[in-house]
Structure formats: C-alpha cells, structure tokens
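# A look at the structure
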Amino acid sequence: QVQLVESGGGLVQAGGSLRLSCAASGSIFGINAMAWYRQAPGKQRELVATITGGGVTNYADSVKGRFTISRDNAKNAVYLQMNSLKPEDTAIYYCNAQVRTQIMSLQWDDYWGQGTQVTVSS
C-alpha cells in the first residue's frame, strides 16, 4: 500500500506565494512521473504540472512562468512552488505519482493524495 500526503495549502492574497509538498510512503520500489492536479468548485480536475523521473517538467498554460514543480527522489517527494497567485488558482490541489510496488514488476500504478486546499483572495 502506498500513501501520498500533501501539505502546504492555505489562504493567501493575490500576488502571494505558497509551496505545496507531497511525500509518498509505503511499499515503493520506484516512482516514475509525479504530478500536481487541481479541482476548483464546479469544475473538472485539471493537470497543473508534471515531472518525469529524470526531471523533465511540463506545465499547464495557465501556470507557466508562475509555478515550478520539483522533486526529491531520495525522499519520494514532489513540490509545487506557486508564485504570483491569482484568485482563479483557488482549488483543491492533488498530487499524483506512478509507483511500482513490487520489486520484480514492470507495472506502474497511479496513486493520489487526499488533496490540500489553496484559496487566493482578491
């Protein structure tokens, strides 16, 4: 079993910054891509940023230049530095990881955190 635990959400004024963290624990024999998603009230969950095991990153157009995704492979952790926050960034943010849970397996399974609320006031 694998658990992903997010932290770092909160309330911030427009133009401010927050840093989200997500740590994976449990039966882990490798982590491939990691990502952050978000879901605003009444909207579908959307991809915010991804990072491969080798550190290649990709961002949604709406956050390019403002958000930075990074990871610490030794800690099985992924981070999201969010700068110049806007009210439209308000959402629950979820981390996602592709995890290998068996040492001899080539299968990667998707795991999700419980989400952390980010609220940006105008």
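Please refer to the structure higher up on the page.
Throughout this document, residue positions are counted from 1 along each chain, in the order its sequence is written. In view of the model being predicted, local features appear only for residues whose pLDDT reaches at least 70, and side-chain atom pairs are presented and counted only at 80 or more, with totals across whole chains, interfaces and linings using the full set of residues. The side-chain figures draw on all heavy atoms in the structure; neither hydrogens nor water molecules are used.

### A short note on the overall build of the chain
The secondary structure content of the chain amounts to 0 helices and 11 strands. Think of it this way: any DSSP run of H or I at least four residues long counts as a helix, any run of E at least two long counts as a strand, and we number them from the N terminus. When its helices and strands are written in sequence order, the chain yields β-β-β-β-β-β-β-β-β-β-β. Taken over C-alpha atoms, the radius of gyration comes to 14 Å for the chain, in line with the 14 Å a tight globule of 122 residues would show. Counting only C-alpha atoms, the chain reaches 50 × 25 × 25 Å along its principal axes. Within the chain, the proportion of its 122 residues that are buried is 41%. Note that the radius of gyration is over C-alpha atoms, with the globule rule given as 2.2 Å times the number of residues to the power 0.38. Burial here depends on accessible area, computed with a 1.4 Å probe over protein chains only, as a share of the maximum for the residue type. Under 20% is buried, over 50% is exposed, and the range in between is partly exposed.

### Comments concerning the nonpolar core
In globular proteins that are soluble, nonpolar side chains generally tend to be buried together. Ranked by internal contacts, the top residues of the largest apolar core, which has 32 residues, are Trp 36, Leu 80, Met 82 and Tyr 93. Among the elements that line this core, the one with the most residues is strand E9 (residues 91-99), at 5 residues. Any two residues whose heavy atoms approach within 4.5 Å are treated as being in contact. Once residues within four sequence positions are removed from consideration, Tyr 93 is found in contact with Glu 6, Leu 20, Trp 36, Tyr 37, Arg 38, Val 48, Phe 67, Leu 80, Met 82, Gly 115, Thr 116 and Val 118. We call a set of buried residues a nonpolar core when its members are Ala, Val, Leu, Ile, Met, Phe, Trp, Tyr or Cys and they connect through side-chain atoms within 4.5 Å of each other.

### Thoughts on the packing of aromatic side chains
Two rings belonging to Phe, Tyr or Trp (six-membered ring only in the last case) form a pair when the distance between their centres is within 6.5 Å. Interplanar angles under 30 degrees mark stacking, angles over 60 mark edge-to-face geometry, and anything in between is tilted. All chains considered together, the criterion is met by 1 aromatic pair. Either the NZ atom of lysine or the CZ atom of arginine qualifies as a charge over a ring when it sits within 6 Å of the ring centre and within 35 degrees of the ring normal. Arg 45 extends its terminal NZ or CZ atom over the ring of Tyr 94, reaching a point 3.8 Å from the ring centre.

### Regarding the pairing of strand E3 (residues 18-26)
Bridge count between strand E1 (residues 2-7) and E3: 6 bridges; the pairing is antiparallel. By the bridge assignment, Val 2 is partnered in E3 with Gly 26. Two strands qualify as a pair provided DSSP detects at least 2 bridges between them. In terms of strand pairing, E3 meets strand E8 (residues 77-82) through 6 bridges, oriented antiparallel. In the sheet register, Leu 18 faces E8, and the bridge partner there is Met 82.

### As for the sheet that holds E3
Here we have 4 strands laid out as an open sheet, ordered E1-E3-E8-E7, and antiparallel in their pairing. Strands with a single pairing partner mark the edges of an open sheet, and in this sheet they are E1 and strand E7 (67-72). Across the sheet, the mean angle from the axis of one strand to that of its neighbour is 15°, orientation sign disregarded. Lines fitted to the C-alpha atoms define the axes, with helices restricted to the stretch that makes contact. Angles between their N-to-C directions range from 0 to 180 degrees.

### Brief notes about the side chain of Glu 6
As for its placement among the helices and strands, Glu 6 is situated in strand E1. Pairing of N or O atoms within 3.5 Å defines a polar contact, subject to two protein rules: one partner must be a possible hydrogen donor and the other a possible acceptor, and residues neighboring in sequence count only if both atoms are side-chain atoms. A distance of 2.8 Å separates a polar atom in the side chain of Glu 6 from the backbone nitrogen of Cys 95. A polar contact of 2.7 Å, which involves the side chain of Glu 6, links it to the backbone nitrogen of Gly 115. Among residues more than four places away in sequence, those in contact with Glu 6 are Ser 21, Cys 22, Trp 36, Tyr 93, Tyr 94, Cys 95, Gly 113, Gln 114, Gly 115 and Thr 116.

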